[in-house]
Amino acid sequence: MVLALVLVGAVLALVVLGLLALGTRRRLIQRSGGTFDCSMRWDAPEPGEGADSGGKGWVYGISRYSGDRIEWFRVFSYAPRPRRLLEREAIEVLERRRPEGDEELALLSDSVVLACSHRGTRVELAMSEDALTGFLAWLEAAPPGQRVNVA
């Protein structure tokens, strides 16, 4: 009986430490500022490809502005480094739309989906209207001489 209580206590302590580590990591990412909640679907299917992926492939994350690039971190990860880097000059905005079908369940409420191309890969980003406004302003604020690809 005592062994069972010790084992349950140890498991509970590990769960609490894991959640605390996720919260601390998120705080460290957001500490430098310029962050926003952003779900991502990497290598998203082209519209009209026939295979309706619905809400599949979306991963919830946090994006952070870092100079001329966006650093994207998975929320449910302990990795200290970003999972994806999106360079400003390589981002081409293709379309903007509202979530459709099962996407409404997979994404945060009131999200807007921005379909982009990044070095030949189709990427979809889902963020709030306010975050989208900031993202598009950041894209258009490229230094002189850089091309801007905002549709």
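Along every chain, residues carry numbers that run from 1 in the direction the sequence is written. Restriction of local features to residues with pLDDT of at least 70 applies here, the model being predicted, together with a cutoff of 80 or more for giving and counting side-chain atom pairs; totals for whole chains, interfaces and linings are based on all residues. Computation of side-chain values: all heavy atoms of the structure, hydrogens and water removed.

1. Some points on the packing of aromatic side chains
And then number 1: Each pair of aromatic rings taken from Phe, Tyr and Trp, with Trp reduced to its six-membered ring, is defined by centres within 6.5 Å and is described as stacked if the planes are under 30 degrees apart, edge-to-face if over 60, and tilted in the remaining cases. Evaluated as defined, the whole model comprises three aromatic pairs.
And then number 2: Summarising the aromatic geometry, the rings of Y65 and W138 are spaced 5.5 Å apart at their centres and angled 45° between planes, so their arrangement reads as tilted. Of this pair, Y65 sits in strand β3 (residues 61-66) while W138 sits in helix α3 (residues 129-140), and the two are 73 residues apart along the sequence.
And then number 3: Residue exposure (1.4 Å probe, protein chains only): buried if accessible area is under 20% of the type maximum, exposed if over 50%, otherwise partly exposed. The partly exposed category is assigned to Y65, whose relative accessible area is 24%.
And then number 4: Residue W138 is classed as buried on the basis of its relative accessible area of 10%.
And then number 5: Between F135 and W138, the ring centres sit 6.0 Å apart and the planes meet at 35°, which makes this aromatic pair tilted. Of the two residues, F135 and W138 are both situated in helix α3; the distance of three residues between them amounts to about one turn of the helix. Assigned by exposure class, F135 and W138 land together as buried.
And then number 6: In textbook terms, an aromatic cluster arises when at least three aromatic residues are bridged by ring pairs, as seen for F36, Y65, F135 and W138.
And then number 7: Two thresholds decide whether a charge sits over a ring: the Lys NZ or Arg CZ must be within 6 Å of the ring centre and within 35 degrees of the ring normal. Against the face of W42 rests R84, its NZ or CZ located 4.1 Å from the ring centre. Runs of H or I in DSSP of at least four residues are treated as helices and runs of E of at least two as strands, each being numbered from the N terminus.

2. Focus: the sheet that holds strand β4 (residues 69-74)
And then number 1: The four strands lie next to each other as β1-β3-β4-β5, forming an open sheet whose pairing is antiparallel. Lying at the two open borders of the sheet, with one neighbouring strand each, are β1 (35-37) and β5 (84-87). Taking each pair of neighbouring strands and ignoring which way they run, the sheet shows an average axis angle of 25°.
And then number 2: Pairing between strands is defined by DSSP: at least two bridges between the two strands are required. When β3 meets β4, the two strands line up antiparallel, connected through six bridges. Along β4, the bridge assignment pairs Y65 with I70.
And then number 3: Pairs of residues are marked as contacts when any of their non-hydrogen atoms sit within 4.5 Å. A fitted line through C-alpha atoms represents every axis, and for helices the fit uses only the stretch in contact; the resulting angles, taken between N-to-C directions, go from 0 to 180 degrees. Sitting on the sheet, helix α1 (residues 2-31) touches β1, β3 and β4, and the angle it makes with β3 is about 25°.
And then number 4: Its contacts with the sheet put α3 on β1, β3, β4 and β5, and the angle it makes with β3 is roughly 35°.

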